Amino acid sequence: MDSPPGRAVTRQLGVPEATDLRRYEPGQPLLAGPALLGGAGPLHDAARAALHAAGATVLDVAPDDDGRLAALVFDAGELKTPADLRGLYEF
């Protein structure tokens, strides 16, 4: 809620303020930072190729510094059992 009464109500309810979302505009890069790609499913290579084709920087390992990531992409196509979800959780 972006009106003064709406902000007062949401504040009293403890609802966090909404984050402004980045809106794509023609001519801008697809992502405002690198994408982290994880998983080993059948679409992993295709996802990498699509991100590269769109001009995105693709990382296989999260940066050690406070470098912000613009996207997280996980190919879960190889997950078969609930125990396999551990890889997604760790990602």
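The paragraphs below set out a description of the structure included in this document. (Residues numbered from 1 in each chain as written. Predicted model: local features only at pLDDT ≥ 70, side-chain atom pairs only at ≥ 80, totals over all residues. Heavy atoms only, no water.)

1. Some words on the side chain of Asp 75
What counts, and what does not: The helix count covers DSSP runs of H or I at least four residues long, the strand count covers runs of E at least two residues long, and both are numbered beginning at the N terminus. Exposure is judged per residue with a 1.4 Å probe applied to protein chains only, and the accessible area is read against the type maximum: over 50% gives exposed, under 20% gives buried, and values in between give partly exposed. His is not counted here, nor are the chain ends, while Lys and Arg score as positive and Asp and Glu score as negative. A pairing counts as a salt bridge when a side-chain nitrogen of Lys or Arg comes within 4 Å of a carboxyl oxygen of Asp or Glu. Note on contacts: a residue pair qualifies if any of its non-hydrogen atoms lie within 4.5 Å across the two residues.
Inspection of the secondary structure assignment puts Asp 75 in strand 3 (residues 71-75). Buried within the structure, Asp 75 lacks any salt-bridge partner; its nearest side chain of opposite charge belongs to Lys 80, at an N-O separation of 9.4 Å. Once you skip the residues sitting within four places of it in the chain, Asp 75 turns out to touch Gly 38, Gly 39, Ala 40, Gly 41, Pro 42, Leu 43 and His 44.

2. Observations regarding the pairing of strand 1 (residues 35-39)
Put simply, the rule reads: Only strands that DSSP links by at least two bridges are regarded as paired with each other. A right-handed crossover is one whose linking path, passing over the helix from the first strand to the second, runs clockwise when the strands point away from the viewer.
Counted residue by residue, strand 1 has 4 buried out of 5 residues, so it is predominantly covered. Here 2 bridges tie strand 1 to strand 2 (residues 58-59), and the two strands are oriented parallel to one another. Its bridge partner being in strand 2, Leu 36 is matched across the sheet by Leu 59. Regarding topology, helix 2 (residues 44-53) serves as the crossover connection from strand 1 to the parallel strand 2, and that connection is right-handed. With 5 bridges joining them, strand 1 and strand 3 adopt parallel strand pairing. Looking across to strand 3, one finds that Ala 35 is bridged to Ala 71.

3. Topic: the packing of aromatic side chains
Each aromatic ring pair is described using two quantities: the centre-to-centre distance and the angle formed by the ring planes. Note the cut-off: Centres within 6.5 Å make a pair out of two Phe, Tyr or Trp rings, where for Trp the six-membered ring is used; the pair is then stacked when the planes are under 30 degrees apart, edge-to-face when over 60, and tilted otherwise.
A complete count under the given rule lists 1 aromatic pair for this structure. With 5.1 Å between their ring centres and 50° between their planes, Phe 74 and Phe 91 make a pair best called tilted. Of this pair, Phe 74 sits in strand 3 while Phe 91 sits in the segment after helix 3 (85-90), and the two are 17 residues apart along the sequence. Phe 91 gets classed as partly exposed once you look at its relative accessible area, which sits at 30%.

4. A few points about helix 1 (residues 4-13)
For helix 1, the tally of buried residues reaches only 1 of 10 residues, placing the bulk of the element at the surface. Where helix 1 terminates, the next one or two residues include Gly 14, which has phi positive at roughly 80°.

5. Considerations on the environment of Arg 7
Along the polypeptide, Arg 7 turns up in helix 1. Using a relative accessible area of 32% as the deciding quantity, one classes Arg 7 as partly exposed. In this structure, the C-alpha to C-alpha distance between Arg 7 and Leu 37, residues 30 residues apart in sequence, is 37 Å.

6. Quick notes on the pattern of salt bridges
What the rule picks out here adds up to 2 salt bridges. Here Arg 48 makes a salt bridge to Asp 60, at a shortest N to O gap of 2.3 Å. Note that Arg 48 is positioned in helix 2 and Asp 60 in the loop between strand 2 and strand 3, a separation of 12 residues in sequence. Classification of Asp 60 as exposed rests on a relative accessible area of 51%. Across the pair Arg 86 and Glu 90 runs a salt bridge, and its minimum N-O distance is 3.2 Å. A residue pair is termed a helical-turn pair when its members lie 3 or 4 positions apart in one helix, as Arg 86 and Glu 90 do in helix 3 at 4 residues. For Arg 86, a relative accessible area of 47% gives the class partly exposed.

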